[in-house]
Amino acid sequence: MLLRIGFDDTDHYKGGCTTYLCSLIVERLEKKATFLDYPHLIRLNPNIPFKTRGNAAVALKVECEDPEDVVDLVWNVISENYSGKGKADPSLVAIKGEVPEEVKCLSMRALHEFLPLSYVARVLKKVNVEQRFIKRGRGLVGAAAAIGFLESDFIDFTYELLTYRNPEFWGKPRRVEYESIEVMDRALRPYVFANIDYKKKRPLILSHGPDPVIYGIRGDFPSLLVEAMKMIKVYEPIDRWIIFKTNQCTGVHLFMRKKIPVIRPYDSLTVRGIIVQSPIVIKGGHVLVKISDGEKTIDCVFYKKTRLNVIATLIKPGDLIEVSGGVKPRRRGLTLNVEEVKIIQQVIVVEKKPPVCPICGTKMKSKGKNLYRCRRCKYLAEFVDFEIRHRNLPKYPLKQAPSAYRHLTKPREREGLESFIKKGVLIERWHYP
Ligand SMILES: [Zn+2]
């Protein structure tokens, strides 16, 4: 019997994560079921303010003889590890056989929109899938979304290998040799990515805070991730590790395109519009740009942190651009926080230039509005010259700086590599223990 189980909002390990719980579940489940795929680690809409930590949910796809027994086992591990403290509402969704279209649809929407729990609960009830949850079951949205997400054929995906600390190290500083990360990155890129912010000489793979993760390496091939793990020097034991198939680093959260009048708060999307006023540099060095699609306008903010603020100041009224990012409600209406920008068409800039004196050929000097006088022969002219200023803004999509990357951001170095045919076959050793 084919069985899929999704779970979310299990966070409790002093800011721990659902992936750690998954690693415990995989270890126990191996005796009762055959894994048909890596566990799916699905990141949802990053712009939801009341998300669970990291906003990631996990789904398992297994073949088993007794599905009830398997669901019980998974739920037992979740409940055993639930502290009762904090805000988590651990939730589980189980689907036998194929994933209903309604659930696949929920997955895509959970990535781009804000979905109310009541709506998700209604859909799940309608398609008759099993649900278990504690408290209000806020985790149901992620649990259902995680199951459906990688079931569509066209969707790009990547892998992440996560390593975990022995509980006695939780809360202590992580001691990982930076040089070894750089050696690994140089050897295996571009098939591993987003490991290091070279500009700041800062590793991006390390976890921070009290959670049990040491580091996570992201890449396109599971076997290379195991190679990478062997290359990184860590001064503490790796207690357990596991490879996930994920939607991270695919940029899929920006696929939705909308016209401005139908944009809603917390959408993640891409919009196309014409700049209607000169960019304004606001407090903090961020840049505000207003675009219109002919029906309505929206303010787009290019934050300094993304380093896209520089390009934003070069944009001129009349330019046609495509911006991608998250929509936030503000006092003055909706704003789009830009993660990516593409300049589709640049207006030609014509600038006034002082004319040359028709009598002596000297460059004339401005004497007020459209009035020029020749310094040499005092000839007074009431005309101007024009010149076209060439603008060479890049035509390729401009992404935010690596330090501002979100889990779903497709890193620069992965651009173009997503078309690889990946069969997603399980390698022999994809988790420990
Ligand atoms: Zn002259």
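Remember, it's a predicted structure, so these values are computed and weren't measured experimentally. (Residues numbered from 1 in each chain as written. Predicted model: local features only at pLDDT ≥ 70, side-chain atom pairs only at ≥ 80, totals over all residues. Heavy atoms only, no water.)

**As for empty space enclosed by the protein**
Counted according to the given criterion, the structure contains one cavity of 30 Å³ or more. Reported here for the largest cavity is a volume of approximately 30 Å³. Around the largest cavity sit R4, H40, A59, L60, K61, I147 and E151, which together line it. Broken down by element, the lining of the largest cavity gets its largest block of residues, three residues, from strand β4 (residues 56-64). Considering only residue class, the lining of the largest cavity consists of three nonpolar, one polar and three charged. (1 Å grid on protein atoms, 1.4 Å probe; cavity = no way out; pocket = protein on both sides within 12 Å on 5 of 7 lines; lining within 4 Å. Points joined across faces, edges and corners; volume = space filled by probe spheres on them. Helix = DSSP H or I, 4+ residues; strand = E, 2+ residues; numbered from the N terminus. Nonpolar A, V, L, I, M, F, W, Y, C, P; charged D, E, K, R; others polar.)

**Section: helix α6 (residues 178-188)**
When we look at burial in α6, the residues that qualify are Y178, S180, I181, E182, M184, D185 and L188. In the core, the buried residues of α6 are packed alongside β8 (192-193), β9 (196-197), β10 (202-203), β11 (213-219) and α7 (222-231). (Buried < 20%, exposed > 50% of the residue type's maximum accessible area, 1.4 Å probe, protein only. Contact = heavy atoms within 4.5 Å.)

**Things to note about the domain arrangement of the protein chain**
Where the parts come together, the accessible area they lose is often given as the size of the interface. According to the domain assignment, the protein chain consists of domain 1 (2-155), domain 2 (158-251 + 408-414), domain 3 (253-348 + 391-404) and domain 4 (350-387). One C-alpha centre belongs to domain 3, the other to domain 4, and the line joining them spans 39 Å. (Domains from an automatic or database assignment.)

**Some words on the packing of aromatic side chains**
Inspection of the entire model under this criterion finds eight aromatic pairs. With centroids separated by 5.3 Å and ring planes inclined at 75°, the aromatic side chains of F35 and W430 adopt a geometry described as edge-to-face. Here the residue F35 occupies a position in strand β2 (residues 33-35), and W430 occupies one in the loop between β24 (398-399) and β25 (431-432), the gap between them amounting to 395 residues. Note on W430: relative accessible area 6%, which makes it buried. One aromatic cluster is present, built from ring pairs that chain together F35, Y38, F157, Y159 and W430. When the ring centre of F169 is taken as origin, the NZ or CZ atom of K172, which lies over that ring, is 5.5 Å away. Its end group placed over the ring of F157, K245 keeps NZ or CZ at 4.6 Å from the ring centre. (Phe/Tyr/Trp six-rings, centres within 6.5 Å; stacked < 30°, edge-to-face > 60°. Lys NZ or Arg CZ within 6 Å of the ring centre and 35° of its normal.)

**Description of the pattern of salt bridges**
In total, this model carries 36 salt bridges according to the counting rule given. Its salt-bridge partner being D72, residue R132 comes within 3.0 Å of it at the nearest N-O pair. Note that R132 is positioned in strand β6 (residues 130-133) and D72 in helix α2 (residues 67-80), a separation of 60 residues in sequence. Classification of R132 by relative accessible area gives buried; the value is 19%. Residue classification places D72 among the partly exposed residues on the basis of a relative accessible area of 33%. Between E339 and R406 there is a salt bridge, and its shortest N-O distance comes to 3.0 Å. A residue pair is termed long-range when its members are at least 10 positions apart, and E339 in strand β18 (residues 333-345) and R406 in the loop between β24 and β25 qualify at 67 residues. (Salt bridge = Lys/Arg side-chain N within 4 Å of Asp/Glu carboxyl O.)

**Some details on the coordination of the zinc ion**
Protein-derived ligands of the zinc ion are C357 (SG), C360 (SG), C374 (SG) and C377 (SG), with the metal-ligand distances lying across 2.2 to 2.3 Å. Because the angles between the four donor atoms bound to the zinc ion fall within 99 to 123°, the donor set is best described as tetrahedral. Sequence spacing of the donor residues for the zinc ion, all on one chain, is C-x2-C-x13-C-x2-C. Taken as a pair, C360 in the loop between β19 (349-353) and β20 (365-366) and C377 in the loop between β21 (372-373) and β22 (380-381) lie far apart in primary sequence, 17 residues in all. (Donors = N, O, S within 2.8 Å, 3.2 Å for Na, K, Ca; no water. Tetrahedral: all angles 85-135°; square planar, octahedral: opposite > 155°, others 65-115°.)

**Structural notes on the sheet that holds β21**
A sheet is described by the order of its strands in space; here three strands give the open sequence β20-β21-β22, paired in antiparallel fashion. Taken across any chain shown, the strands that pair with only one partner, and hence form the sheet edges, are β20 and β22. Here two bridges tie β21 to β22, and the two strands are oriented antiparallel to one another. In the strand pairing of β22, R373 is matched with L380. (Pairing = 2+ DSSP bridges.)

**Brief notes about the packing of helix α1 (residues 18-29) against α2**
For the pair α1 and α2, the least separation of the axes is 10 Å and the interaxial angle reads 140°. Classified by the interaxial angle, the pair formed by α1 and α2 is oblique. α2 is crossed by α1, and the crossing has right-handed handedness. Along its contact with α1, which presents L21, L24, I25, R28 and L29, the element α2 presents V70, L73, V74, V77, I78 and E80. Counted by class, the contact of α1 with α2 contains nine nonpolar, no polar and two charged residues. (Axes fitted to C-alpha atoms, helices over the stretch in contact; angles between N-to-C directions. Parallel < 35°, antiparallel > 145°, perpendicular 65-115°, else oblique. Left-handed = near helix turned anticlockwise from the far one by under 90°.)

**Here's the deal with the packing of helix α4 (residues 117-126) against helix α5 (residues 140-149)**
Relative orientation of the contacting elements α4 and α5 amounts to 50°, with a least axis distance of 9 Å. As far as their axial angle goes, α5 and α4 are oblique. With respect to the hand of their crossing, α4 and α5 are arranged in left-handed fashion. Of the residues in α5, those touching α4 at L117, V120 and L124 are L140, V141 and A144. A breakdown of the residues in the contact of α4 with α5 according to their chemical character gives six nonpolar, no polar and no charged.

**Let's talk about the environment of E160**
Tracing the backbone shows E160 in strand β7 (residues 158-165). For the pair E160 and D239, spaced 79 residues apart in the sequence, the C-alpha separation amounts to 17 Å. If near-sequence neighbours (up to four positions away) are discounted, E160 is found in contact with L41, G216, I217, R218, L225, I242, I243, F244, T246 and Q248. Side-chain polar atoms of E160 contact the side chain of Q248, separated by 2.6 Å. (Polar contact = N/O pair within 3.5 Å; in protein donor to acceptor, adjacent residues only side chain to side chain.)

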